Amino acid sequence: MDDDTLKRGGPLAAVARMPTGAKVFLILSGALLPLALIAFLASLQTTRIADQEVRARLRVAIGEAARSLRGELAWELREVRAALPGTPGEAPNCGRLAGLFEPQAAQGVRYAVLDPSRRLVCGQPIPSVAPAASDAPPAPLQLIPGSGAQIEVTAPTGYTARAFFPTRFIADAAQPTGLTDDIALTLFSGDRSLILRTREDANALDRTETQRVDLAIEDLSLEMTVPGAPVTSSAVVAALSPFLMWFLAATIAWFVVDRLLIHPLRRLRATVSAYQPGEVIDPVRGSQIPAQEIRALGDTFRELSQMVEAHERDLAEGLSRQTKLTREVHHRVKNNLQVIASLINFHARVTVDPGALEAYASIQRRVDALAVVHRHHYAGFEDTRGIELRAVIGELSSNIRATAPEGSGVGIMLNVEPLLVSQDTAVAVAFLLTEIVELAMQVSPAAQVHISTQTTGDAATATLLRISSPALADSPAFATLHDKRYGRVIGGLVRQLRSQLHHEPLTGAFELQVSITGRL
């Protein structure tokens, strides 16, 4: 991913900025999650198959219970109707009803036959059951919630037969074979219901399967509820174990990658980042890195740092030797310049010709200018910031006054800031000041020269050097000496300084920009 995408942001940029351990965790999670889902769906499919088996057994059981209950109630209703007289003057067949219901009396079954005047003919008194709807005709079979069911049939002759069946009798008739007592049976008729059996130890969290069938008798229907496939602890573990394994696999992989790769690499990076030239990198300090490859990489860094240390040591020794040689060269140059200056001074003392004396003095001033720069460069050789310009100009001014002709009233005033310049700049400035001051002395032996520096806008890299004197003002003597003798040398020195020299003819001042390396 490029830097522009990282700057724009978005999901990819957010992932790219994540730690490598988090990326590994996300990648492994995405790779293993489908497998966990497949295993979870397989466990759900096993549960669905178990539920289908329960529903299949429920269909068989409720079909058997419906057939048994329908046969029992239909036969009872048919027998009650058959016991009533079909023609006027005929008596009801109480013996038939007695033979039918008397054996079931122990189970709570009762019957009664009433004449048209509602007097009991045989059996036991049984009250009538109000219909479910007041405007609806009474149904032959009525449910009595909490009690049982009652058959009430009235023949055209006015005789009425009633038969009461308690809840326990109906429940026994509807009990399917092959099932335990942990089932629920409910008989419905219109808006009435009769609970035949309830489940034992049932609670709201149990899984159940319920099915309802029509008995094809009046409007009766039977509903059966059986417990569903149990959700056991093993089933829960089987369903959740894929996700647990998915999480553990991703976490273990992240831990292994983080401990074996990421953490050692982070330690190695911190060690390399804190590396300073001359030190030896020791990435396994305090403990061993588990990853062999990273340990080999750390050993490579150690070998490289040892090579760099040896190279730095060689460079330091070479630099020390070079510094000594350079100091020796500057020392010899300084001594040679002093020898030259002494020879010039010796010949000047034995010369009586005024012209030769002036020539010797001019050469003496230039040799002194170069010697001053070399002496200060040699004295501050260990400090590479540069040569102090104020000290050089001060010593140079003293040498110029010392080499001035006898009786000359030349004076040099200094107002120089504590500036540092390079050796090349110091040499050029020394020669330039010597030429300009000598020019002023040639124009007027009693010349008063003022040398100053002034901070400019770019104070960190340049300063304004100003040399002013009335003798440097525009005059025939100045123009002659400048054009024929000094102007060409001054121009060459200004070009060496890579600057421009400005002359003010009215005030007699030269100005130019001088590069500096610093300030004291």
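An account of the accompanying structure is given in this report. Nothing here was measured: the structure is a model prediction, and the numbers come from that model.

## Some points on the sheet that holds strand 6 (residues 184-189)
- Strand order in the open sheet formed by four strands is 7-6-9-8, and the pairing between neighbours is antiparallel. The open sheet is flanked by strand 7 (192-197) and strand 8 (208-214), the only strands paired with a single partner. Mean inter-strand twist for the sheet, computed between neighbouring axes without regard to direction, equals 20°.
- The pairing of strand 8 with strand 9 (residues 220-227) spans seven bridges and is classified as antiparallel. Following the sheet pairing, Thr208 is matched in strand 9 by Pro227.
- Docked against the sheet, helix 5 (residues 167-174) engages strand 6 and strand 7, running at close to 70° with respect to strand 7.

## Digging into the nonpolar core
- Residues Leu69, Phe101, Ile170, Leu187 and Leu196 are the most contacted members of the largest nonpolar core, which totals 46 residues.
- Per-element accounting of this core gives the leading share, eleven residues, to helix 3 (residues 20-83).
- Here Ile170 is in contact with Leu69, Gly148, Ala149, Phe165, Leu187, Leu194 and Leu196, once residues within four sequence places are set aside.
- Residues Val416, Leu432, Leu472 and Phe478 belong to the second largest nonpolar core, which totals 44 residues.

## Re the packing of helix 9 (residues 389-402) against helix 10 (residues 423-443)
- Orientation of helix 9 relative to helix 10, taken along the N-to-C sense of each, is 35°, at an axis distance of 11 Å. In terms of crossing hand, the pair formed by helix 9 and helix 10 is right-handed. In contact with Leu389, Ile393, Leu396 and Ile400 of helix 9, helix 10 contributes Val429, Ala430, Leu433, Thr434, Val437 and Met441.
- Partitioning the contact of helix 9 with helix 10 into residue classes produces nine nonpolar, one polar and no charged.

## Some points on the state of the cysteines
- Counted by the stated rule, this structure contains one disulfide.
- Residue pairing for Cys94: its cysteine sulfur links by disulfide to Cys122, the two sulfurs lying 2.2 Å apart. The sign of the S-S torsion, about -85°, decides the handedness of the disulfide formed by Cys94 and Cys122: left-handed. You can see Cys94 sitting in helix 4 (residues 94-101) and its partner Cys122 sitting in strand 2 (residues 120-123), a full 28 residues away along the chain. Exposure class is identical for Cys94 and Cys122. Each is buried.

## Some remarks on the sheet that holds strand 12 (residues 419-421)
- Read across the sheet, three strands follow the order 10-12-17 without closing on themselves; strand pairing throughout is antiparallel. Two strands in the sheet have a free side with no partner beyond their single neighbour: strand 10 (387-388) and strand 17 (518-519).
- Sheet topology note: the strand 12/strand 17 ladder contains two bridges and is antiparallel. Looking at the pairing, Leu419 lines up with Arg519 of strand 17.

## Topic: the packing of aromatic side chains
- Overall, the coordinates contain four aromatic pairs when judged by the stated rule.
- When the centroid spacing of 5.7 Å and the interplanar angle of 25° are considered together, the rings of Phe101 and Tyr111 count as stacked. Residue Phe101 is located in helix 4, and its partner Tyr111 is located in strand 1 (residues 110-114); the two are separated by ten residues in the primary sequence. For the pair Phe101 and Tyr111, one class covers both residues: buried.
- Aromatic side chains Phe165 and Phe169 sit 5.6 Å apart centroid to centroid with 25° between the ring planes, which places their arrangement in the stacked category.
- Accessibility expressed as a relative area gives 0% for Phe165, which makes it buried.
- Using a relative accessible area of 8% as the deciding quantity, one classes Phe169 as buried.
- An aromatic cluster of three or more residues is present, and its members are Phe101, Tyr111, Phe165 and Phe169.

## Considering the environment of Leu439
- Summarising the element assignment, Leu439 is placed in helix 10.
- Expressed as a C-alpha distance, the spacing of Leu439 and Leu481, which sit 42 residues apart in the sequence, is 7.2 Å.
- If we skip the residues at most four places from it in the chain, Leu439 touches Leu472, Phe478, Leu481, His482 and Tyr486.

## With respect to the pattern of salt bridges
- Scanning all chains against the criterion turns up ten salt bridges.
- Across the salt bridge formed by Glu79 and Arg96, the nearest N and O atoms sit 2.8 Å from each other. Highlighted residues: Glu79 in helix 3 and Arg96 in helix 4, separated in sequence by 17 residues.
- Classification of Glu79 by relative accessible area gives buried; the value is 12%.
- Here Arg119 and Asp115 are joined by a salt bridge, their closest N and O atoms 3.3 Å apart.

## With respect to helix 10
- Taking 1.5 Å as the rise per residue, helix 10 with 21 residues should run 30 Å; its terminal C-alpha atoms sit 30 Å apart, in good agreement.
- In terms of burial, helix 10 is a largely internal element, 16 of the 21 residues being buried.

How each quantity is defined
- Residues numbered from 1 in each chain as written.
- Predicted model: local features only at pLDDT ≥ 70, side-chain atom pairs only at ≥ 80, totals over all residues.
- Heavy atoms only, no water.
- Pairing = 2+ DSSP bridges.
- Helix = DSSP H or I, 4+ residues; strand = E, 2+ residues; numbered from the N terminus.
- Axes fitted to C-alpha atoms, helices over the stretch in contact; angles between N-to-C directions.
- Contact = heavy atoms within 4.5 Å.
- Core = buried A, V, L, I, M, F, W, Y, C linked by side-chain atoms within 4.5 Å.
- Buried < 20%, exposed > 50% of the residue type's maximum accessible area, 1.4 Å probe, protein only.
- Left-handed = near helix turned anticlockwise from the far one by under 90°.
- Nonpolar A, V, L, I, M, F, W, Y, C, P; charged D, E, K, R; others polar.
- Disulfide = S-S within 2.5 Å.
- Phe/Tyr/Trp six-rings, centres within 6.5 Å; stacked < 30°, edge-to-face > 60°.
- Salt bridge = Lys/Arg side-chain N within 4 Å of Asp/Glu carboxyl O.
- Expected span 1.5 Å × (residues − 1).

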